[in-house]
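Summary of the model geometry
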Amino acid sequence: MSTVKLSIIKPSVNNMTARVFLRAAGIPFSEHDVFGQTRQPDFLARNPAHLTPMIEDTGLPKGALWESCAIMQYFCNKHGLEQFYPKDPAKRAMIDSAMFYLIGTFYPYLARATYPMLGFPQYPGEVGHSEADATSKETARKAAVEALAEPLEVFRTFYMGDAPFIGGDKPSIADIRLAATLEFLAVIDYPLPDWAKRYVASMEETLGAAYSEPAADVRGYISYVKSKPA
Ligand SMILES: N[C@@H](CCC(=O)N[C@@H](CS)C(=O)NCC(=O)O)C(=O)O
């Protein structure tokens, strides 16, 4: 079996998601740090969206695949990893819904709330990316911080309910996506509710080094950013 090639940027939780998943699923892969290389001609030829995580695997129609959730879905489908992505259509729909809700609703708030502190660029059309003054940018950032609480609570009340994970008794790919995402909130000292703290701790305890090793890169970057003078 040819080895999957995973291209990553270490401080990113989008990348942490794929890194945790491939380790937890026991899929053989080689990891390549492409920090600073995503807009170079060789990378763009393979991935015109210049996004990481990216996998390259034989059999993919275009050779490469990006989007963290699509990467996890692909490997679960390919290897029948039902423990992470149930086959039952109704159960699978809940996992898909949680991931779409994260990417489409929760993550944009989280990016607006944390990217300025992380030193990451914001998206065109947003106040943080505009020529607005620092006060206006901070007002917009704080609005995004405030908006986080409602979708966060939806993950607990709707997707998890009485179970410890979105996947029920065991972490699913939606849990890997959510736990990794929550890691970024440390950069703004976001007051995570107790259930969310316990949830991330359970994810780490359950997945072990598969979680801790990629998490260490995100946490290390956050510590570095927070240690810099404002
Ligand atoms: N929704 C995507 C987001 C991917 C993304 O934003 N990747 C960023 C790192 S966090 C990236 O590779 N940026 C490099 C670039 O745009 O050149 C996912 O979940 O994979």
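**So, helix 5 (residues 134-147)**
Given a rise of 1.5 Å per residue, 14 residues ought to cover 20 Å, and the 20 Å separating the end C-alpha atoms of helix 5 matches this to within 8%. Check the buried side of helix 5 and you find it contacts helix 4 (89-118) and helix 6 (149-160).

**Re the packing of aromatic side chains**
Applying the stated criterion to the full structure yields 16 aromatic pairs. The interplanar angle of 50 degrees and the centroid separation of 5.5 Å between the aromatic rings of Y101 and F155 together place this pair among those described as tilted. With Y101 in helix 4 and F155 in helix 6, this pair connects stretches of sequence that are 54 residues apart. An identical accessibility class is assigned to Y101 and F155; each is buried. A ring pair is formed by Y221 and Y224, whose centres lie 6.1 Å apart and whose planes are at 45 degrees; its orientation type is tilted. You can see Y221 and its partner Y224 sitting in helix 9 (residues 209-227), three residues apart, about one turn around the helix. Taken together, Y107, Y115, F120, Y123, F184, Y221 and Y224 form an aromatic cluster joined through their ring pairs. Sitting over the face of the ring of Y85, R92 holds its NZ or CZ atom 3.8 Å from the ring centroid.

**Points about the environment of Y85**
Examined against the element boundaries, Y85 turns out to sit in the loop between helix 3 (68-79) and helix 4. Take Y85: its relative accessible area is 4%, and that puts it in the buried class. Once the C-alpha coordinates of Y85 and R141 are considered, the two residues, 56 residues apart in sequence, prove to be 34 Å apart. Ignoring anything within four residues of it in the chain, the contact list for Y85 reads Q73, C76, N77, R92, I95, D96 and I173. Among the polar contacts made by the side chain of Y85, one reaches the side chain of Q73 at a distance of 3.2 Å.

**Some words on the domain arrangement of the protein**
Its domain assignment divides the protein into domain 1 (4-79) and domain 2 (89-227). A straight line from the C-alpha centre of domain 1 to that of domain 2 covers 20 Å. Each partner contributes residues to the interface: domain 1 has 18 residues there, and domain 2 has 23 residues. Interface area, domain 1 with domain 2, both sides summed: about 1,800 Å², of which 70% is carbon and sulfur. Among the residues of domain 1 in contact with domain 2, P11, V13 and M16 are the three that bury the most area, contributing 31% of the side total. Of the charged contacts in the structure, one is a salt bridge between R19 and D217, with a shortest N-O distance of 2.9 Å.

**A few points about the side chain of Q73**
Looking at the secondary structure, you find Q73 in helix 3. Looking at Q73, the relative accessible area reads 18%, which means it is buried. When near neighbours in sequence (up to four residues on either side) are disregarded, Q73 contacts Y85, D96, M99 and I173.

What counts as what
- The residue numbering used here restarts from 1 in each chain and proceeds along that chain's sequence as written.
- pLDDT decides what is reported in this predicted model: residues at 70 or higher carry local features, side-chain atom pairs at 80 or more are listed and counted, and totals for whole chains, interfaces and linings draw on all residues regardless.
- As a rule here, side-chain values cover all heavy atoms of the structure and leave hydrogens and water aside.
- Elements are defined by DSSP. Helices are runs of H or I of four residues or more, strands are runs of E of two residues or more, and each kind is numbered from the N terminus.
- Multiplying one less than the number of residues by 1.5 Å gives the expected span of a helix.
- Whether two residues touch is decided by their heavy atoms; if any such pair falls within 4.5 Å, the residues are in contact.
- Aromatic pairing here means that ring centres of Phe, Tyr or Trp (its six-membered ring) are within 6.5 Å. Orientation follows from the plane angle: under 30 degrees is stacked, over 60 is edge-to-face, and everything else is tilted.
- The buried label goes to any residue with under 20% of its type's maximum accessible area, the exposed label to any with over 50%, and the partly exposed label to all in between, with areas taken from a 1.4 Å probe on protein chains only.
- Lysine NZ or arginine CZ positioned within 6 Å of the ring centre and within 35 degrees of the ring normal marks a charge as sitting over the ring.
- For the purposes of these results, a polar contact is taken to be a pair of N or O atoms within 3.5 Å, where, inside protein, one atom must be able to donate a hydrogen and its partner to accept one; residues adjacent in sequence count only when each atom of the pair is a side-chain atom.
- Source of the domain bounds: an automatic or database domain assignment.
- Accessible area that two parts lose when put together, evaluated with a 1.4 Å probe and summed over both, is termed the buried area.
- Salt bridge criterion: a side-chain nitrogen from Lys or Arg within 4 Å of a carboxyl oxygen from Asp or Glu.

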